[in-house]
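# Per-entry structural report
Residue-level listing of the chains:
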Amino acid sequence: MKPFLRQQLERYPIRLQELDFFLQQPDVVNDMDRYRALTRELAEVSVVAGLFGRFLQAESGLAQAREMLDDPDMAEMAKEEAASLEAQLPALEDELQRLLLPRDPDDVRNCYLEIRAGTGGDESALFAGDLLRMYVKYAERQGWKTEIVSQSDGEVGGYKEVVIRVLGEAVYGRLKFESGGHRVQRVPATETQGRIHTSACTVAALAEPDEAQAVQINPAELRIDTYRASGAGGQHINKTDSAVRITHLPTGIVAECQDDRSQHRNKARAMQVLLARIQEKARSEQAAKDAATRKGLIGSGDRSDRIRTYNFPQGRLTDHRINLTLYKLQFVMEGDLDEVIEALLLARKAEQLQELEAGVAGRP
C-alpha cells in the first residue's frame, strides 16, 4: 500500500474514537442537527476503519505465515495461508481506495441527456438520432427507463435537438462523462460520390436536481410561454396549447417540454430541466476554474470539448480524453458502451488518487 494511503487510513480509527466521545456529550445530544451530522459521519468512518482493521489483520497474518515457511512441520499450511492472504490484500486495498475517494452526491441521481445537432446540416441531425438510439439501447441494457422530454425533428430525419430523461440506479454517475462534442465520420446516405463527410453533435448530461436542495428561483425571473406541440402524439397534441417553454431571464437559459398532453405536467417537467441546466451551469463554471489550476484527463464537460470520434468506414471509436480506441463501433452504436464508460470511470479514479496524494503531500 502506498504510504500516503496508509497515512490517510491511520486517521480513521482516531476519528472514530473522537466521534464516540462527541456523541456522548450532552450539548451534542441536545443539538439534533449536529447529532445527526456526527451520526452520519460515524457510520461512514466506521466502515472505513473496520475495513482498514481487516486489511491490517490480513497483512499481519501474511507476515506470520511467511515466517513459518521455514518450519518443515508448518510449511505446507503456511504456504496455503500466505497464498490466500496474498489474494485478499489487493481486493481490500482497492476497496479502501474507493472509499477514500471523494464522491459526487449527484452520482446516484437520474439524468437528463441533451443531444443537439451541430455542424453538418442534415447529416448532423441524423447522427443526433443515432446517438439517441445508442443511449436508449444502453439504458435498456442497464435496466433503466427513458422518456423523451422535448424534441425538434430534423428536416430529413433525426433531431435538431432532443432531450431525454433517464431513470434508474446511479444513472448520472455513469453518464456524466458523455458531455461534450461527438464527431462522426461517414458517407451520408445522400452522398452520390462516396465521399466521407464529417459532422458533429453536442451532448450534455445533467443530473436531475434534488427538489429539497434545488436552487431557489424567483418566479418574477421566469417567463413562461405555452404553444401547440409538434411531432408525435396523435391529433390531440396539436389541438391545445399544452407545450410549455420556460425562460430564466437572468441567465437566458431555456427549457421546454411537449411530451405530455397535460400543460401542468409539461410545466413541471420543463421546470425540472431548467433547474438541471442552471445547476449544470454552476457546476461547469466551477469545473472551468478547477481546470485552470490542473489539467484533468476527463475535462470539464464543456460542449466545445471534442471528446469522441465515431469513424464508420474504419469501424473505429476514439475517446480523445483517455486515448481509448476501440474497433467495435457497430456494437457501440447498439448500446454496448460499458467498455468506454468503465475506462472513463477508471481514468477518473486514477485522477482522484493523484489529487489525494498531492493533497497529502502538500499538508504541513
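Definitions and limits used
- All residue numbers refer to position in the chain's written sequence, counted from 1.
- For this predicted model, a pLDDT threshold of at least 70 governs which residues receive local features, and a threshold of 80 or more governs which side-chain atom pairs are given and counted, while totals over whole chains, interfaces and linings are taken from all residues.
- Side-chain numbers come from the whole structure's heavy atoms, not from hydrogens or water.
- Here the rule is simple: two strands pair whenever DSSP picks up at least two bridges between them.
- Strands here are runs of E lasting at least two residues and helices are runs of H or I lasting at least four, both read from the DSSP assignment and numbered beginning at the N terminus.
- A fitted line through C-alpha atoms serves as each axis, taken over the contacting stretch for helices, and the angle formed by two N-to-C directions is quoted from 0 to 180°.
- When an angle is under 35 degrees it counts as roughly parallel; over 145 it counts as roughly antiparallel; between 65 and 115 it counts as roughly perpendicular; any other value is oblique.
- A crossing counts as left-handed when the near helix is turned anticlockwise from the far one by less than a right angle, and as right-handed when that turn is clockwise.
- Any two residues having at least one pair of non-hydrogen atoms within 4.5 Å are treated as being in contact.
- Charged means Asp, Glu, Lys or Arg here, nonpolar means Ala, Val, Leu, Ile, Met, Phe, Trp, Tyr, Cys or Pro, and polar covers whatever is left, Gly included.
- Any carboxyl oxygen of Asp or Glu within 4 Å of a side-chain nitrogen of Lys or Arg constitutes a salt bridge here.
- With a 1.4 Å probe rolled over the protein chains alone, any residue whose accessible area is under 20% of its type maximum counts as buried; one over 50% counts as exposed, and the rest are partly exposed.

### Considerations on the sheet that holds strand S6 (residues 222–227)
As summarised here, the arrangement of the three strands in space is S6-S7-S8, forming an open sheet in which the pairing is antiparallel. Of all strands in the sheet, those with a lone pairing partner are S6 and strand S8 (253–257), marking the two edges. For this sheet, the mean angle separating the axes of adjacent strands, direction not counted, is 15°. Sheet topology note: the S6/strand S7 (residues 243–248) ladder contains six bridges and is antiparallel. Counted as the bridge partner of Tyr-227 is Ala-243 from S7.

### Points about the packing of helix H2 (residues 11–22) against helix H4 (residues 32–67)
Two numbers describe a pair of packed helices, the interaxial angle and the distance between the axes. It is the contact of H2 with H4, at a shortest axis distance of 9 Å, that shows an interaxial angle of 150°. In terms of orientation, H2 lies roughly antiparallel with respect to H4. The chirality of how H2 crosses H4 is left-handed. Contacts from Tyr-12, Pro-13, Arg-15, Leu-16, Leu-19, Asp-20 and Phe-22 of H2 reach H4 at Leu-38, Glu-41, Leu-42, Val-45, Ser-46, Val-48 and Ala-49. Residue classes in the contact of H2 with H4 are distributed as 10 nonpolar, one polar and three charged.

### Remarks on the pattern of salt bridges
Applying the stated rule across the entire model yields 32 salt bridges. Close ionic contact of Arg-15 with Glu-41 constitutes a salt bridge, the shortest N to O distance being 2.8 Å. Of this pair, Arg-15 sits in helix H2 while Glu-41 is found in helix H4, placing the two residues 26 residues apart along the sequence. Judged by relative accessible area, Arg-15 falls into the partly exposed class, the value being 26%. Asp-319 is paired through a salt bridge with Arg-321; the nearest N and O atoms lie 2.8 Å apart. Take Asp-319 and Arg-321: they sit in the same class, and that class is buried.

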